[in-house]
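# Analysis of the macromolecular model
One letter stands for each residue in the lines below.
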Amino acid sequence: MMREASQKPKRALVVAVQLPGASDVEFEASLTELRQLAKTLGFEVIGTFTQKRAGFDSAGYLGAGKRKDLHEQVLLERADLVLVDHDISPSQAHNLEKEVGCEVMDRTMVILEIFHRHARSSAARAQVEIARLGYMAPRMREAAKLAGPKDRARSGTGGRSGGESHGELDRRKIRDRIAELQKELDAMGSERKTQRARRQEREGLARVALVGYTNAGKSTLMRALTASEALVADKLFATLDTTVRALHPETVPRVLVSDTVGFIKNLPHGLVASFKSTLDEALEASLLVHVVDASDAGFERQLAVTGEVLDEIGAEGVPRLLVFNKIDRGGDEAALRAKHPGCIVMSAKREGDVARLREAIVAFFQRDLVEAELFLPWSAQNLRGQIFASCVVLEERTDSEGAFLRVRGEPEALGRLREQLGAGTAKT
Ligand SMILES: Nc1nc2c(ncn2[C@@H]2O[C@H](COP(=O)(O)OP(=O)(O)O)[C@@H](O)[C@H]2O)c(=O)[nH]1
Ligand SMILES: [Mg+2]
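These notes cover the structure that comes with them. This one's a predicted model, so the numbers in the text were calculated from it and none came from an experiment.

### A closer look at the overall build of the chain
- Looking only at helices and strands, the chain has 17 helices and 13 strands in total.
- Across the 428 residues of the chain, 45% fall into the buried class.
- A separation threshold of at least 6 residues defines the contact pool for the chain, and within that pool the share at least 24 residues apart is 65%.
- A total accessible area of about 22400 Å² is found for the chain, and carbon and sulfur atoms account for 52% of it.

### Some points on the pattern of salt bridges
- The tally for this structure, following the rule as stated, stands at 23 salt bridges.
- Here glutamate 99 ties to arginine 67 by a salt bridge, and the two come within 3.0 Å at their closest N and O atoms. With glutamate 99 in helix 4 (residues 90-100) and arginine 67 in helix 3 (residues 64-76), this residue pair connects regions lying 32 residues apart in the sequence.
- Look at arginine 67 and you get buried, because its relative accessible area is 7%.
- The network of salt bridges with common partners includes Arg53, Asp57, Arg67 and Glu99.

### Details of the site of ligand 1
- Within the structure, ligand 1 sits among 17 residues, and Asn215, Lys218, Thr220, Asp328 and Ala348 are positioned closest to it.
- Between ligand 1 and threonine 220 there is a distance of 2.5 Å, counted from an oxygen atom to a side-chain nitrogen or oxygen.
- Bound to the protein, ligand 1 loses 83% of the 580 Å² it would expose on its own.
- Secondary structure elements with two or more residues in the shell around ligand 1: helix 2 (24-40) and helix 9 (218-226).

### Focus on unusual backbone geometry
- With an omega of 0 degrees, the peptide bond running from histidine 248 to proline 249 counts as cis.
- With respect to the helices, strands and loops of the structure, proline 249 is situated in the loop between strand 6 (244-246) and strand 7 (255-259).
- Within the chain, asparagine 215 stands out as a residue other than glycine whose phi angle is a positive 80 degrees.
- Relative to the elements of secondary structure, asparagine 215 occurs in the loop between strand 5 (206-211) and helix 9.
- Phi at lysine 326 is positive, roughly 65 degrees, even though this residue is not glycine.

### Details of the pairing of strand 3 (residues 81-84)
- Neither face of strand 3 is exposed, since Leu81 and Leu83 on one face and Val82 and Val84 on the opposite face are all buried.
- Where strand 3 meets strand 4 (residues 103-106), four bridges bridge the pair, whose relative direction is parallel. By the bridge assignment, leucine 83 is partnered in strand 4 with methionine 105.
- Remark: the strand 3/helix 4/strand 4 crossover connection has right-handed handedness.

### What to know about the sheet that holds strand 7
- Spatial ordering of the open sheet is given by 6-7-5-8-9-10, a layout of six strands whose pairing is mixed. In the strand order of this sheet, the two ends are held by strand 6 and strand 10 (344-345), each with one partner.
- As defined by bridge partners, strand 5 adjoins strand 7 across five bridges and the pair is classed as parallel. Note that in strand 7 the partner of arginine 207 across the bridge is leucine 256.
- The strands touched by helix 9 are strand 5, strand 6, strand 7 and strand 8 (287-293); relative to strand 7, the strand with the most contacts, the crossing angle is about 155 degrees.

### A few points about the packing of aromatic side chains
- Under the definition given, this model contains seven aromatic pairs.
- Measuring from ring centre to ring centre gives 5.0 Å for phenylalanine 56 and tyrosine 61, while their planes differ by 50 degrees; the resulting arrangement is tilted.
- By relative accessible area, phenylalanine 56 is classed as partly exposed at 30%.
- Overall, the relative accessible area of 0% leaves tyrosine 61 in the buried class.
- Note on phenylalanine 299 and phenylalanine 324: the rings are 5.8 Å apart at their centroids and 80 degrees apart in plane angle, and the pair reads as edge-to-face.

### Structural notes on the side chain of aspartate 259
- On the secondary structure map, aspartate 259 appears in strand 7.
- Reaching out from aspartate 259, the side chain makes a polar contact with the side chain of serine 219 at a distance of 2.7 Å.
- If we ignore the near neighbours within four places in the chain, the residues touching aspartate 259 are Leu210, Lys218, Ser219, Met222, Thr243 and Glu281.

### Here we look at the packing of helix 3 against helix 4
- Interhelical geometry of helix 3 versus helix 4 gives an angle of 55 degrees and a closest axis separation of 8 Å. With respect to each other, helix 3 and helix 4 are oriented oblique. Touching Arg67, Leu70, His71 and Val74 of helix 3 are Leu96, Glu99 and Val100, all from helix 4.

Basis of the calculations
- Residues numbered from 1 in each chain as written.
- Chains lettered and ligands numbered in written order.
- Predicted model: local features only at pLDDT ≥ 70, side-chain atom pairs only at ≥ 80, totals over all residues.
- Heavy atoms only, no water.
- Helix = DSSP H or I, 4+ residues; strand = E, 2+ residues; numbered from the N terminus.
- Buried < 20%, exposed > 50% of the residue type's maximum accessible area, 1.4 Å probe, protein only.
- Contact = heavy atoms within 4.5 Å.
- Areas by Shrake-Rupley, 256 points an atom, 1.4 Å probe, with all protein chains shown as cover.
- Salt bridge = Lys/Arg side-chain N within 4 Å of Asp/Glu carboxyl O.
- Near = heavy atom within 4 Å.
- Polar contact = N/O pair within 3.5 Å; in protein donor to acceptor, adjacent residues only side chain to side chain.
- Pairing = 2+ DSSP bridges.
- Right-handed = clockwise from strand over helix to strand, strands pointing away.
- Axes fitted to C-alpha atoms, helices over the stretch in contact; angles between N-to-C directions.
- Phe/Tyr/Trp six-rings, centres within 6.5 Å; stacked < 30°, edge-to-face > 60°.
- Parallel < 35°, antiparallel > 145°, perpendicular 65-115°, else oblique.

Quick look at the structure:
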């Protein structure tokens, strides 16, 4: 455990072939995204290695000469990992690994790993496993081919039936497992909505989810809003996982913020379903803060896609706060405001802007608070902490009987407090 915490991040080189059809802008954007994805996995990106080529080299993705150069760079920069910004075949990956002397991950594998870490609900986990098995199946087929005919020659012997090779058997197992998972998923579908409603009721928590494309600034805002680093040792937060934190300083009601898997510009087709399922978190939120990088040339399209996907996963009813971030890098603030009434235009790098966003979030959760007066007899002081935790206390007066508190709180919370106070006073 200790070792894990102090372990140095893996050093990764981002590697890509620029095909004739890819413009410089597209190519750069894709590399930026891969670097961001690598960061999400906790890797340290130490450099980039690119080659212009008419096509991928069938043996090793990069040309033979470039593979030697990459090997040198891996040694020179002590890289642990090479991240390839395309999907490559297992034989390409295998050859590349052998020649450059370190582990190779392609784009899909990087994304699968991120989804795997973010999948929380059993449905999301099943969906990610299906995608992972789908990714592995063709690779196993090719691996079996690479292993040659030895494998097949042994057919008919051993416990295996009907002349199946190792490869075939494994592939059948994968198919069966996918079918099984799919069945489980179908069964889960109907249960999920009720579970969600129940969970929300039980926790009764104010939850905000940050959604939007990778690199929009979600994690930066999350840290700024919750002062996450400062709270590591706080017991209260030990039960929350790394992507869920409370707004800091604390508010009434207490607002929990969660960071979601970002939307990915170049999302491989086979991963769409598992991506959507990892957005589950967004469905449990009472407010979605949709973060958009206003300095990204393609932000309008990203805005539209995010909206569509959120509707699709069943989040159409969840209120949204639209945040145009990175305005310090350019962008027409007035035009954004005119086009998107109610939006927030800001920079995560400016403290004042973060404070404004925080206020907007708190205001959303306080909109339903009502004012009330509570009488807290001296005999029921044990309820004092609860009142201060669930209400904003506006004023306090005391007399010989106890304290009068003028508060603002959620109607249900006030109802519960009144019941307890009533029970408490009835005894005296
Ligand atoms: N200039 C500028 N950079 C920002 C702003 N917000 C975030 N960034 C940077 O954008 C990059 C991506 O931010 P991150 O929070 O990791 O994005 P995420 O993928 O949405 O979580 C990081 O290098 C941040 O430092 C901003 O308002 N202005
Ligand atoms: Mg992030």
